[in-house]
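A closer look at the structure
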Amino acid sequence: MFVAPWYLYRLLLRATRYEVASHNCPSLLDAFLIMSPSRVHDINGTDKETIHGISYGVTDSISIDGQASDIKSTLSTQAGYTGSDLVDEEEEGSGLTKILFGRRAKFLRDPDAVATRRSVFDDPHLAAYYWPKKDYENIHRFDPSARWTYREERALLRKVDWKIMFMAALGFSALNLDRFNINQANSAGLLPNLGLTTDDFNLGNTFFRLFFLFAELPSQLISKRVGPDRWIPTQLCLWSIVTVCQFWLSGRTSFLICRALLGLLQGGYVPDLVLYMSYFYTKTELPIRLALFWMSMNLCAIVSSFIAFGVLHLDGVDGKAGWRWLFLIEGLISFAIGFASFFNMPPSPTQTKTWFRPKGWFTDREETIIVNKVLRDDPTKGDMHNREGLSLKRLWTAVCDYDLWPVYLIGLMFGIPNSPPSTYLTLLLRDAGFTTFQTNLLTIPSQALGIITMFAITLVSESVNERAIVAMMEDLWTLPFLVALVCITIKSESLDIFCSGQGTKSFIASYTHPIQVGWCSRNSGAVASRTVNASLYNMFVQASNIVSAQIYVASDAPRYEQGNRTLIIICCVNLLVLYPGTKLYYMWRNRQRSRIWDAMTTEEKAHYLRTTNDVGNRRLDFRFAH
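So, here is what we can say about the structure in this document. These numbers come from a predicted model, not from an experiment.

What counts as what
- Residues numbered from 1 in each chain as written.
- Predicted model: local features only at pLDDT ≥ 70, side-chain atom pairs only at ≥ 80, totals over all residues.
- Heavy atoms only, no water.
- Axes fitted to C-alpha atoms, helices over the stretch in contact; angles between N-to-C directions.
- Helix = DSSP H or I, 4+ residues; strand = E, 2+ residues; numbered from the N terminus.
- Parallel < 35°, antiparallel > 145°, perpendicular 65-115°, else oblique.
- Contact = heavy atoms within 4.5 Å.
- 1 Å grid on protein atoms, 1.4 Å probe; cavity = no way out; pocket = protein on both sides within 12 Å on 5 of 7 lines; lining within 4 Å.
- Points joined across faces, edges and corners; volume = space filled by probe spheres on them.
- Buried < 20%, exposed > 50% of the residue type's maximum accessible area, 1.4 Å probe, protein only.
- Core = buried A, V, L, I, M, F, W, Y, C linked by side-chain atoms within 4.5 Å.

The interhelical angle for the contact between helix α8 (residues 198-226) and helix α9 (residues 228-245), taken along N-to-C directions, is 130°, at an axis separation of 7 Å. Classed by the angle they form, the pair α8 and α9 counts as oblique. In contact with Ser219, Ile222, Ser223 and Val226 of α8, α9 contributes Pro228, Arg230, Trp231 and Gln235.

Here it is, written out as structure tokens:
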């Protein structure tokens, strides 16, 4: 699974003229770290013992009460505060344009070089206005003078991946296991057994999508108040119980109730995970992990197909249909994952110690590295406690954040061109003459290919520091296959239909949704805003599913020629208007703010930060990613 992305990565290195200095990468994630758009500071002449022996616990001597003079005075006395050993991160100008036009960059990766990136905390005049709040749960590990090496950072990142991301990915797999097993149950005779019609089935799916949609924001508000480490496992266990209860479905009413409850309990789960993961990862690391989540969705689809194949053979056992056993067994699997999540999702990097894990997961040194790396990347993550709820004012401010509306619109539109072909692929294959077993087997290549391409496209996005142009590649890939579906004649060979459908669906499985989820999170600019904005973005994505379900209509069957023409038009709008327009808008907003901010003196900037009521991405010092 990881071999192909590795070779794609190596080809990308050559194509973009990057050179990696004689340090082998033990894993693909290390390869990604090498491609981060940063200029590495060479400290070959630096005393490495000094690097590892820097004094910590600086926050004990710093007054975190908003008194800028106290903080400034303390900072000025810290060892190494001049910041000469820091890495200068070149966010602006290090993206796709720079790479395409051949500006050569060498990334030296001395494993014992300082990996700490320069941030606002290194400015003695402005640092006080970015300081974490007193009740921030990790405040005791915050230390602006902390330094760490690439060797430490890579080892710790792998550790966080295994401890944090692995459990989150399992939960995400459980979500998809219980969300899509209805299709497998349908193929095993669920509708005739319950006396339901296709209209009843479609109504149940509509109920699920609507309740899923409307649960997004309330779920995020609950998560922020009680903590995602508590709410995520609770959600998992609750919807698993509903899945198990589908074993006893008796008719239309019970079917619709279960579909509505599943949508209600599963809605908001993905934004909850994004919020939780943001406590442990930087804005550059997060999209790659989100891509791994959606890769697990593809793996889950493949594994669930084999599970269904085996479980459905229980048809008739104890007088029960095979699809009933499918709901029971997969629901119990999800419940086991949910129960385990209660014990394996700590609230924060510094709160891993508990009665059943007295030593915790991370050492004091590792906690310091995680906390300071995350805060240096995004100081706004220290603005709220991880169990602090949102006020109505902050909620309304986030909802009215018009700078995120372009990303919401992308969430609504980007998936429409390829959703109907994906949904109807199995039906098209059956109409083309393939058997039921052949049809199920022929859907596996798209899932397997999607695992590779999804990770690769996300890796490309972060390595070239580009979101809009890379994200539009999904629609760019889809367009020729949609044209092929329109041009294929009714007498075409089955292989032509299969190739066109697979070509479209293979990239659907690898869609750029992880890039855009990370994009929305990055442009939110604050924990409070991120909580709401992630939900609103996902609500638009769910609305996209509802819209796309109306494209293919029965009167247009079996070729859905009119529907495919509509999809082509939408695809062209996305490519020519939506993505380029969003990028130009954010470039304009950044130039507009830079013109004001760069013209200010240091004293004027300090006065602005001290007196402004702007928060998150409303502040003049915030720059939008595009």
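Another point: empty space enclosed by the protein. Under the criterion given, the structure shown has three cavities of 30 Å³ or more. Each pocket or cavity is described by its volume, and for the largest cavity that value is around 60 Å³. Together, Val270, Pro271, Val274, His513, Val517, Cys520, Ser521, Ala534, Tyr537 and Asn538 line the largest cavity. Counting only elements with at least two residues in the lining of the largest cavity, the list comes to α11 (269-278), α24 (513-524) and α25 (527-548).

Let's shift gears to unusual backbone geometry. Glycine aside, negative phi is the norm for most residues, and most peptide bonds take the trans geometry. Residues other than glycine seldom take positive phi values, yet Asp318 does so here, at roughly 60°. A relative accessible area of 61% places Asp318 in the exposed class. A positive phi angle, close to 55°, is found at Asn465, a residue other than glycine. Within the secondary structure, Asn465 sits in the loop between α20 (444-463) and α21 (468-471).

Let us now look at the environment of Cys520. Its place among the elements puts Cys520 in helix α24. Judged by its relative accessible area of 1%, Cys520 is buried. When the C-alpha atoms of Cys520 and Ala534 are compared, they prove to be 6.6 Å apart, with 14 residues separating the residues in sequence.

Moving on: the nonpolar core. Nonpolar side chains in soluble globular proteins tend to be buried together. In this structure, Leu190, Met277, Phe293 and Trp294 are the most contacted members of the largest nonpolar core, which totals 113 residues. Met277 has contacts with Ile164, Met165, Ala168, Leu286, Arg289 and Phe293, leaving out every residue within four places of it along the chain. Formed by 16 residues, the second largest nonpolar core is a distinct cluster that contains Ala127, Tyr136, Val371 and Leu609.

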